[in-house]
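# Breakdown of the fold
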Amino acid sequence: MTAMLRGAFWRHHQPILEQNGYLLREMFREGYDPATGNPEEDKVSHFKSVIMDAVRASDGTQVVLKAVSFRDHPDEVNLCIMFSDKLARDPRNHCVRILEVLQSPLDHDIHIIVMPQLRRFDDLLFETVGELVDAFRQIFEGVEFMHQHRVVHGDLTMNNLMLDARELFPFGFHPVRTWMDRSFQHRAKYITRTECWPRYYIIDLGMSRRYPKRKAPCLKSIPVSPPFDDFLPERRGTVSRLFNPFPGDIYHLGFILRNEFHVYEHPPLAFLRPLVDSMLSDDAALRPTMSEVVQTFGELCRGLTPSHLRLPGSPGIDTLCHRIRQKLRAFKHIPPIPYSEFAPKPPLIDAKLRPYYTSLY
């Protein structure tokens, strides 16, 4: 499907968005003539048709728009507003901040949420262990904050972990082909995380739910047969079973560390293996709570030396160039993480509440 066909919803909403101060790319505007545009750029589209990029007319800021169906995702808009309003100033809050919510006048079921432009958190390889440690410190902190407020994310995949790349890509990047610059003519230029220490965010609350205080949440799985088993062990099998949704977020994060960052194959990350083992327990009740993950992660990282933090954070980049760069940074006293130490912090989730986050009753 071409970008023009996938963008039909957005072309219909283009005049409304412009009235509200948001400009879509030329190809989605009324009267656009493909003969005058960039034929290569016209072929590209966002992975999800509910997503669109735009520019805020008042100041030229690049933003992202998302069309949300209230019928399909009844809690998403309200949860986005909750984390963007009352809880926005808390530094532990890593949910993406919503800039505005627009009601579609063409379909009362659809809201359009406006967000800052972010980019996938692993688009660039993690050059050092310190860079990866900082990323997961923030992500773990963000999920802990969500759980403290009794919100399960429910879909913590690589696509929903992002970073603010404004400093990382000082000249910007194309909103779809992110390795290209905004003009779609050249490769985007960037610096390393160590030079700017970006902030990481959690997006897409479409599967998220907030649960009441009084009783541990209890959901029922849908019976399925192999090879269509559910991703989570507690939801697999041909018999419907009850499960608590909070441990699912822990399993997702452990899965990412094991499968995407290869903590069992990449020696510099071997210190994380005990934590990942516990996060991937088949018994959901034995997995740590998010506060326990944060505490254990801090303890494991507290013993890392500066030289360890400068080791390659991703397999395949242990090159002579990498080693020379790290020696120069050590010589210039450039810190391998943006803080002096992993100081112990009081957990956001009281240990007495562990049954709420792990059990069924």
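Before reading on, note that the structure itself is shown above.
Quick summary incoming for the structure in this document. Along every chain, residues carry numbers that run from 1 in the direction the sequence is written. With the structure being a predicted model, the display of local features is reserved for residues of pLDDT at least 70 and the display and counting of side-chain atom pairs for 80 or more, all residues being used for whole-chain, interface and lining totals. In computing side-chain values, all of the structure's heavy atoms are included and hydrogens and water are not.

## A look at the overall build of the chain
- Helical segments are the DSSP runs of H or I of at least four residues, strand segments are the runs of E of at least two, and each set is numbered from the N terminus. Within the chain, the secondary structure is distributed over 10 helices and 12 strands.
- Put simply, the radius of gyration uses C-alpha atoms, and a globule should come to 2.2 Å times the residue count raised to 0.38. Computed over the C-alpha atoms, the radius of gyration of the chain is 22 Å, within 12% of the 21 Å expected from 2.2 N^0.38 for a compact globule of 361 residues.
- Each principal axis of the C-alpha atoms in the chain carries an extent, and together these give about 60 × 55 × 40 Å.
- To sort residues, take the accessible area from a 1.4 Å probe on protein chains only and compare it with the maximum for the residue type: under 20% means buried, over 50% means exposed, and anything in between is partly exposed. Relative to its full complement of 361 residues, the chain shows a buried share of 49%.

## Observations regarding helix α3 (residues 76-84)
- Counted residue by residue, α3 has 7 buried out of 9 residues, so it is predominantly covered.
- Listed in full, the buried residues belonging to α3 are E76, V77, L79, C80, M82, F83 and S84.
- Looking at the buried positions of α3, the neighbouring elements they touch are β3 (62-69), β4 (100-103), β5 (110-116), α4 (129-148), β7 (151-152) and β10 (209-210). Note on contacts: a residue pair is in contact if any heavy atoms of the two residues lie within 4.5 Å.

## Some remarks on unusual backbone geometry
- One non-glycine residue, F184, lies in the positive phi region at around 65 degrees.
- Structurally, F184 can be placed in the loop between β8 (161-163) and β9 (200-202).
- Classification of F184 as buried rests on a relative accessible area of 13%.
- If you check the backbone angles, H262 has positive phi at about 55 degrees while not being a glycine.
- Tracing the backbone through its elements, the reader meets H262 in the loop between α5 (246-259) and α6 (273-279).

## Focus on the packing of aromatic side chains
- Note on ring pairs: Phe, Tyr and Trp rings are taken, using the six-membered ring of Trp, and paired if centres are within 6.5 Å. Classes follow the plane angle, with under 30 degrees stacked, over 60 edge-to-face and the rest tilted. What the rule picks out here adds up to 18 aromatic pairs.
- Where F121 meets F261, the ring centres are 5.8 Å apart and the plane angle is 65 degrees; that geometry is what we call edge-to-face. In this pair, F121 is assigned in the loop between β6 (119-120) and α4 and F261 in the loop between α5 and α6, connecting sequence segments 140 residues apart.
- Clustering of aromatic rings is evident, with ring pairs tying together F121, F126, F136, F140, Y200, F261 and F297.
- Two thresholds decide whether a charge sits over a ring: the Lys NZ or Arg CZ must be within 6 Å of the ring centre and within 35 degrees of the ring normal. In this arrangement the basic side chain of R119 is found over the ring face of F173, its NZ or CZ atom lying 4.7 Å from the centre.

## What to know about the sheet that holds β3
- Across the sheet, 5 strands lie side by side as β1-β2-β3-β5-β4; this open sheet has antiparallel pairing. Since the sheet does not close on itself, it has two edges, and those belong to β1 (22-23) and β4, each with one partner.
- Pairs of strands are assigned from DSSP output, requiring at least two bridges between the strands. Looking at chain direction, β4 and β5 are connected through 4 bridges and run antiparallel. From the neighbouring strand, Q103 faces β5, where its bridge partner is H111.
- In this description, a line fitted to the C-alpha atoms serves as the axis of each element, helices being fitted only across the stretch in contact, and the angle between N-to-C directions of two axes falls anywhere from 0 to 180 degrees. Contacts from α3 reach β3, β4 and β5, with the element oriented near 30 degrees to β5.

## Looking at the state of the cysteines
- By disulfide we mean two sulfur atoms from cysteines, separated by a distance within 2.5 Å. Taken as a whole and judged by the stated rule, the model has 0 disulfides.
- Here C196 is not disulfide-linked; the sulfur of C321 is the nearest cysteine sulfur, at 18 Å.
- Under the relative-accessibility criterion, C196 is labelled buried at 14%.
- Given a relative accessible area of 48%, C321 falls into the partly exposed group.

## Re a nonpolar patch on the surface
- Together, L320, I324 and L328 line one region of the surface with nonpolar side chains, adding up to about 300 Å² of accessible area.
- Structurally, the position occupied by L320 is in helix α9 (residues 320-331). Patch membership requires more than 30% relative accessible area and the absence of a salt bridge. Residues of like charge join within 9 Å; the nonpolar side chains Val, Leu, Ile, Met, Phe, Trp and Tyr join within 5 Å. To measure how exposed things are, a 1.4 Å probe is used in the Shrake-Rupley method; for residues, cover is taken only from the protein chains shown. By salt bridge we mean one thing: a side-chain nitrogen of Lys or Arg within 4 Å of a carboxyl oxygen of Asp or Glu.

## Quick look at the pattern of salt bridges
- According to the stated counting rule, one finds 17 salt bridges in the structure shown.
- The salt bridge involving R119 is made with D123; its shortest N-O contact spans 3.3 Å.
- In this structure, R137 and D134 form a salt bridge, with 3.4 Å as the shortest nitrogen-oxygen distance. One end of the pair, R137, and the other, D134, are both in helix α4, 3 residues apart, so they sit about a helical turn from each other.
- Taking relative accessible area as the criterion, D134 reaches 1% and is therefore assigned buried.
- Through salt bridges with shared partners, a single network forms among K48, K66, E76 and D204.

## Section: the side chain of H174
- Positionally, H174 belongs in the loop between β8 and β9.
- Two N or O atoms count as a polar contact when they lie within 3.5 Å, although within protein this holds only if one can serve as hydrogen donor and the other as acceptor, and sequence-adjacent residues are included solely when both atoms are side-chain atoms. Reaching out from H174, the side chain makes a polar contact with the backbone nitrogen of V176 at a distance of 3.1 Å.
- Here the side chain of H174 touches R177 through a polar contact of 3.2 Å, landing on its backbone nitrogen.

## What to know about the packing of α4 against α5
- As a packed pair, α4 and α5 sit with axes 11 Å apart at the nearest point and diverge in direction by 170 degrees. Here α4 is positioned roughly antiparallel relative to α5, judged by the angle of their axes. For the pair α4 and α5, the contacting residues are F136, I139, F140, V143 and H147 in the first and F246, D249, I250, L253, I256 and L257 in the second.
- Amino acids outside the nonpolar list (Ala, Val, Leu, Ile, Met, Phe, Trp, Tyr, Cys, Pro) and the charged list (Asp, Glu, Lys, Arg) are all regarded as polar, and Gly is one of them. By residue class, the composition of the contact of α4 with α5 is 9 nonpolar, 1 polar and 1 charged. An angle below 35 degrees is read as roughly parallel, one above 145 as roughly antiparallel, one from 65 to 115 as roughly perpendicular, and any other as oblique.

## Details of the side chain of Q14
- In this structure, Q14 sits in helix α2 (residues 8-19).
- If we skip the residues at most four places from it in the chain, Q14 touches L24, F28, R29 and E30.

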